[in-house]
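The chain contents come next:
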Amino acid sequence: MLNTEISARKNDAISRGVGMTTQIYADKAENSEIWDVEGRRYIDFAGGIAVLNTGHRHPKVVDAVKKQLDRFTHTCHQVVPYENYVALAERLNTLTPGNFEKKTIFATTGAEAVENAIKIARCATGRSAVIAFTGGFHGRTFMGMALTGKVVPYKVGFGPMMGDVFHVPFPLELHGISVETSLDVLDKLFKADVDPKRVAAIIVEPVQGEGGFYDVPRALMKALREICDAHGILLVADEVQTGFARTGKLFAMEHYDVQPDLITMAKSLAGGFPLSAVTGRAELMDAPGPGGLGGTYAGNPLAIAAAHAVLDVIEEEKLIDRANHLGARLKQRLESLRAEFPQIIDIRGPGFMNAVEFGVPGTDRPNADFTNAVRVKALEKGLILLTCGVYSNVIRFLAPITIQDEVFNEALDIIEASIRDVAAEA
């Protein structure tokens, strides 16, 4: 079977609205490596878009799921509940930042977690408005799209967005937007568009994912907490992509001296199984009445079992320390190329949530063409990379934190060779 043959069938069978970064079709995967249907091996620096912090098919995750598979696969927790759901909620209530009593609910996708967080915020405050940031990504559902601060491709053609959603510029010093600018726009928003006493929540990614791997400046996060406290607004941390050791902490909010009221999480929570969660202040989480939250597949028992194993692996294998080690090595390698390649305008990211941004030499313009060419060249050499950013000029690195040293070294060589080759061709 050939990739091209399956791709032709895909074009006839699947909506073109489902975008695909590559046209290689997976046959098997192990830790940080994927083999396609033609037998070619690839190093995975996409990780299913930050889903595989513990790698493909981690033995402990697989074992936990197999054991659960032998017991039951679905009852719907709202009909016949199960203990491991309760136990995972207890673990997240303890592990998430915040020195207060917490409660948790489970859902299936990151977008679903965000939807539920907004439902909880509106119910708890009796308010409707929500403030988000340009460049932020919060999902493809209608509320998720409305909150997302990027039009193409997420909002195009889908008509009016959900109402009472407002956007503030995300501070990007590299592109001339300061913390002061963001706060000034927020102040003007309160004066011109929405009474702060009508705002239920401000939602923010501690490190923007799709937006370009820009982290929230400490001054902004501190100011957001103060503004929320002053006006009775809830601060929601979207940790869907940043969670579970990726940033060198279990949760990215641990990098700040700020405690969010609600945290959304998904992706690497269950090591490749669909599971998301909202954890927050107990009194807020209890605001909706029974039946107001949940879902048929919410907290699937196989995914719950996988999540317990993921948390065990992160602790036992010291993945937080490893994320900091791998990220430091990756950034050091990229920095060694910076003087030689003026296309590199920034290298950033906490822990192992790293990115390199490319621009047109001698200008302040983003260089999406160069960025995509590096991605394509790396794929030809057997390395899967993802681009991101409002201008599509950023490559983000999301390899499993469990990646083997020899495979990581091989990937670093491919990244350097790809940048060299594209620069030479340009």
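Residues numbered from 1 in each chain as written. Predicted model: local features only at pLDDT ≥ 70, side-chain atom pairs only at ≥ 80, totals over all residues. Heavy atoms only, no water.

The criterion, for reference: UniProt positions are given in the numbering used here, feature names are shortened, and annotations may be inferred rather than shown by experiment.
An unreviewed UniProt entry lists the chain under the name 4-aminobutyrate aminotransferase, from Rhizobium paknamense. As stated in UniProt under Sequence similarities (unreviewed entry), the record for the chain gives "Belongs to the class-III pyridoxal-phosphate-dependent aminotransferase family."

**Regarding the overall build of the chain**
What counts, and what does not: For the purposes of this entry, the term helix denotes a DSSP run of H or I that reaches at least four residues, the term strand denotes a run of E that reaches at least two, and both are numbered from the N terminus. Our radius of gyration looks at C-alpha atoms and nothing else; its globule reference is 2.2 Å times the residue count to the power 0.38. Only the protein chains shown count as cover for residues, and the accessible areas themselves come from Shrake-Rupley with a 1.4 Å probe. The convention is simple: Lys and Arg are positive, Asp and Glu are negative, and His and the chain ends are not counted. Here the site of a charge means NZ on Lys, CZ on Arg, CG on Asp, or CD on Glu.
What the chain contains, in helices and strands, is 13 helices and 15 strands. Its C-alpha atoms give the chain a radius of gyration of 21 Å, within 12% of the compact-globule value 22 Å for 426 residues. Dimensions of the chain, computed from the C-alpha atoms along their principal axes, are close to 60 × 55 × 45 Å. Element-wise, carbon and sulfur atoms account for 53% of the exposed surface of the chain, whose accessible area totals about 18,000 Å². Averaging the positions of the 44 positive and the 53 negative side-chain charges in the chain gives two centres separated by 1 Å.

**Things to note about helix α5 (residues 110–125)**
The cut-off we apply is this: What a helix should span is 1.5 Å times the count of its residues minus one. Burial status follows relative accessibility: with a 1.4 Å probe on protein chains alone, a residue under 20% of its type maximum counts as buried, one over 50% as exposed, and anything between as partly exposed.
Its 16 residues give α5 an end-to-end C-alpha distance of 23 Å, which sits within 8% of 22 Å, the value for a rise of 1.5 Å per residue. Within the sequence span of α5, burial applies to G110, A111, A113, V114, N116, A117, I118, I120 and A121. The positive-phi residue at the C-terminal boundary of α5 is G126, with phi of around 70 degrees.

**Some words on the pattern of salt bridges**
Put simply, the test is: A carboxyl oxygen of Asp or Glu within 4 Å of a side-chain nitrogen of Lys or Arg is what we treat as a salt bridge.
Tallied over the entire structure, the rule returns 28 salt bridges. One salt bridge connects R322 with D405, and the closest N-O pair in it is separated by 2.9 Å. Placement of the pair is R322 in helix α11 (residues 319–338) and D405 in helix α13 (residues 405–425), with a sequence separation of 83 residues. R420 is the salt-bridge partner of E340, the closest N and O atoms lying 2.5 Å from each other. In this pair, E340 sits in the loop between α11 and β11 (344–348) while R420 sits in helix α13, placing the two residues 80 residues apart along the sequence. Note on R420: relative accessible area 31%, which makes it partly exposed. In the salt-bridge network here, residues are joined through shared partners; they are R333, E340, D413, E416 and R420.

**Here's the deal with the layout of surface pockets**
Rolled over the atoms, a probe sized like a water molecule indicates the empty space that remains. What counts, and what does not: Both cavities and pockets are sets of points on a 1 Å grid over the protein atoms alone; in a cavity a 1.4 Å probe fits but cannot get out, in a pocket the set is open with protein on both sides within 12 Å along at least five of seven lines, and lining residues sit with an atom within 4 Å of a point. Grid points are joined across faces, edges and corners, and a volume is the space filled by probe spheres set on the points. In this classification, Asp, Glu, Lys and Arg are treated as charged, Ala, Val, Leu, Ile, Met, Phe, Trp, Tyr, Cys and Pro as nonpolar, and every other residue, Gly included, as polar.
Considered as a void within the structure, the second largest pocket measures approximately 460 Å³ in volume. Residue lining of the second largest pocket: 18 residues in total, with Y85, T104, I105, M285 and L293 positioned closest to the centre. Looking at the lining of the second largest pocket, the elements that each hand over two or more residues are α4 (83–95) and β4 (102–107). It is β4 that provides the largest number of residues to the lining of the second largest pocket, a total of four residues. Of the residues in the lining of the second largest pocket, the class split is nine nonpolar, seven polar and two charged.

**Here we look at a nonpolar patch on the surface**
Note the cut-off: Put simply, a patch holds well-exposed residues, over 30% relative accessible area, that have no salt bridge, with like charges counted together within 9 Å and Val, Leu, Ile, Met, Phe, Trp or Tyr side chains within 5 Å.
On the surface, I14, V18 and M20 cluster together to form a nonpolar patch covering roughly 260 Å² of accessible area. When you line up the elements, V18 lands in the loop between α1 (3–13) and β1 (26–30).

**Some details on the packing of α4 against helix α10 (residues 301–316)**
Put simply, the rule is: Only the stretch in contact is used when fitting a helix axis, every axis being a line fitted to C-alpha atoms; angles between N-to-C directions are given from 0 to 180 degrees. Angles below 35 degrees are treated as roughly parallel, those above 145 as roughly antiparallel, those between 65 and 115 as roughly perpendicular, and all remaining angles as oblique. Two helices cross in a left-handed way if the nearer one is turned anticlockwise from the farther one by less than a right angle. They cross in a right-handed way if the turn is clockwise. By definition in these notes, contact holds between two residues if any of their heavy atoms fall within 4.5 Å.
In the contact formed by α4 and α10, the axes pass within 9 Å of each other and the chain directions differ by 40 degrees. Taken together, the axes of α4 and α10 are oblique relative to one another. Taken as a pair, α4 and α10 cross one another with a handedness that is left-handed. Contacts between α4 and α10 pair N84, Y85, A87, L88, R91 and L95 from the former with P301, I304, A305, A307, H308, L311 and D312 from the latter. Taken together, the residues that form the contact of α4 with α10 break down as nine nonpolar, two polar and two charged.

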